[in-house]
Every structure is written in C-alpha cells, then in structure tokens.
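Single-letter residue listing:
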Amino acid sequence: MPKPVAPGSLASPSMLAYIMSQKYVDAMPLYRQEKQFARLGVTLSRQTLANWMIHGANRWLQLLYDRMHTHLLAMDILHADETPLQVLREPGRSAGTTSYLWLYRTGREGPAIVLYDYQKTRGGEHPRNFLSGFHGYLHVDGYPGYHKVTGATLVGCWAHARRKFDEALKALSDDKQKATVTTREGLDFCNRLFAIERDIKDAPPEERLKVRTERSRPVLDAFLSWLRTQRSRVLPKSTLGKAIAYCLNQWEKLEAFLKDGRLELDNNRSERSIKPFVIGRKNWLFSNTPRGAKASATIYSIIETAQENGLNPFAYLTWLFEELPQLTDPIDPGALDKLLPWSNSLPSNCRIVQS
C-alpha cells in the first residue's frame, strides 16, 4: 500500500488538493467550503479543513518550497514586493496589528519561481534574511527596506514613477493650467520610455541594451535635467512636488535598467504575482494564527509557481500529495527536483491543455 498523505485521517491527496485549490486559486474561504460540504451531506468543520491545510503545507509542500528557495537564490535577476496581512492570534500583538506577506520571484529568464514569505513586520531585515546568498539585480519599488539586502543592485520601478505624475495630474483642478502643463511634461517623459520598451519587448537582451543606450539614455538625461529645474519651481508638498521628489530620490535605481538588457523597466511582474493573494484576502480577510499564515504563504507559493509554469493546480497538488509521502528519508534533493513545477518528469495530466 502507498503511504498516506495524512495518516489516521480521512484526507486523501485529491481531497487536500481540492480544498487548497478552492481557497488559494478560487478564493473560497474555508467557512464557505464547510457549508458546501454540509449541503452534500458531509460534516467537515472549518477547523478540520484548516488543520488539513496546515498539515499538507508544513509536512509536504514545505519540502518543495525550500528547494524552490534554493533555486531562486541561484538566479541573478529577481523581483520583490510586499503587502499587508492581518493575523489575529500573534503572540504579544493585538488582533488589529498589521503583518506582511513578502513576495520574491524570478524575472523573464530561467524557470518561473514565485515565493511568498509571512513576517510580522515590514522591516528590511526580512528581505535581507530571505535573500541571504543572492547576488544580482533586484527589482523593487521605492520602499527603503530593500536597501538592507546585501549583494543586490536595486532596480527601480518606472510604473511607480509614472503613477506619481498621473496622480498629480488627476489631483489638479481645471484652473491650474500652468501646473497641468508641467505635470503632463513629466508624464510624457515616462511615456516615452515605455514606448521604447514596447518596441523592443521581444528583442534579445543584447539588442535591448543597445537600443536603450541609443534611445532611452537621452530621454533619461533630459528628464533628470527637467526634474532638477522644476524642483525649485514647485511646492514640495504638492502632488507634483512629491512626484518630482520621488524620481530624484530614486534616480540611481530608476536608471539601473540600463545596466543589463535582461532587466525590466518596471516591477509589474511582482505586482501581478501578488495580486492573487490580494484578491483572496478580500474574501477570507485574515489568517487566524501564525501557523496558518505561514501555511498559506507556502501553499500560495506552490500554486502560483505551478500556474506560472502552465500547470493545473488541482492536478499538480493531487500528484504531489501522492508522490511526496513515498519519498524516503533522508530526502534526496534530486528527487525533489523531479517534482518541481518546471520539471520535465511531471505527468502530462498536470499540464493545462492549450486549446
């Protein structure tokens, strides 16, 4: 007999995979699933479902998570972001205290890896510790906590810079014609950079670097001169003043994309990856315990990485919960590599059929 995924429990591989897919793919909270099962005549409390999720994540999926973490640190281009998370029963903290879910993922090259990390604070020590051993480029927003990441060259996000000018333009009343013209000028510089990137979107890195040097560099030089000129003409606390200050303060990171043709103009890749969690959070609102929050981060990591690699989350999780219990201790890293979402050893039914 094959070893069970949860000894002494009714939970089967497909049952665990189904509940995880319902919550972490389709954003259906456990209390709704509890009612769904009750309508089918199956009595399963949300506490039982939560315990199954924690067991599946901490006992089995964590093995893959740690292996994916090792592969992530071996890359030389990464993206990072963070978003608030509420955890009710954190020791020594009130239920309303804000915790954070950090996101780290690979760029356009190499296998797609998406990892989430639950932490109690937004301190810069968390990305520093998680990325210990990483050396390369790190795409980030303007949050200064990422400065603590040693061995990383930070690459700024032009989508954030552009958004600042767009917000400044929307905040102006119709009578502020002069300020409107100035704000549009700042927005136009950003738009010109994005237009260049659209032209070279599918070009090889060498070509992208060449075009950026020839076309983007002059735009950046003109924009920097414009920013320095406008800084003394605009109220610092106005929305336009804040947009200008943001660009000047982030300038070294904003022009870092010129260093390597594999780099990107923005950090939208990480924002897209953190969106599934944000959507799910609107439905289940909070995690009850730190163990649950950590388990959720692990499950999201496996599911989002699976989807990035063209896998069906339910089929893949079912297969994992069938295969992982059969591994013998000590577990060989090579055996885990065969189970990773980008492995060529995965069965065909785990992959999404392209129509």
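In this text the structure is predicted, and so the values were computed from the model without any measurement. (Residues numbered from 1 in each chain as written. Predicted model: local features only at pLDDT ≥ 70, side-chain atom pairs only at ≥ 80, totals over all residues. Heavy atoms only, no water.)

Things to note about the sheet that holds strand 2 (residues 98-106)
The strand order across the open sheet built from 5 strands is 3-2-1-4-5, with neighbouring strands paired in mixed fashion. The two strands at the open ends of the sheet, each matched to only one other strand, are strand 3 (114-119) and strand 5 (152-155). Neighbour-to-neighbour, the strand axes of this sheet turn through a mean angle of 30°, independent of strand direction. Relative to strand 3, strand 2 is paired through 6 bridges, and the arrangement is antiparallel. Counted as the bridge partner of Leu101 is Tyr118 from strand 3. Its contacts with the sheet place helix 11 (residues 290-308) against strand 1 (77-86), strand 2 and strand 3, and it is angled at close to 170° to strand 3. (Pairing = 2+ DSSP bridges. Helix = DSSP H or I, 4+ residues; strand = E, 2+ residues; numbered from the N terminus. Axes fitted to C-alpha atoms, helices over the stretch in contact; angles between N-to-C directions. Contact = heavy atoms within 4.5 Å.)

Overview of the packing of helix 1 (residues 13-24) against helix 3 (residues 46-73)
Between helix 1 and helix 3, the shortest axis-to-axis distance is 10 Å and the interhelical angle comes to 105°. In terms of orientation, helix 1 and helix 3 fall into the roughly perpendicular class. Contacts between helix 1 and helix 3 involve Met15, Leu16, Ile19, Met20 and Tyr24 on the former and, on the latter, Leu49, Trp52, Met53, Gly56, Ala57 and Leu61. Each residue belonging to the contact of helix 1 with helix 3 can be placed in one class, and the counts come to 10 nonpolar, 1 polar and no charged. (Parallel < 35°, antiparallel > 145°, perpendicular 65-115°, else oblique. Nonpolar A, V, L, I, M, F, W, Y, C, P; charged D, E, K, R; others polar.)

Points about the layout of surface pockets
Considering only enclosed or pocket space, the largest pocket measures out at about 610 Å³ in volume. Considering the residues around the largest pocket, the lining is formed by 23 residues, among which Lys23, Leu30, Ala50, Phe286 and Asn288 are closest to the centre. Going through the elements one at a time, helix 1, helix 2 (30-39), helix 3, helix 10 (268-284) and helix 11 are the ones with two or more residues in the lining of the largest pocket. Top element by residues in the lining of the largest pocket is helix 3. It accounts for 6 residues. For the lining of the largest pocket, the class distribution of residues is 11 nonpolar, 8 polar and 4 charged. (1 Å grid on protein atoms, 1.4 Å probe; cavity = no way out; pocket = protein on both sides within 12 Å on 5 of 7 lines; lining within 4 Å. Points joined across faces, edges and corners; volume = space filled by probe spheres on them.)

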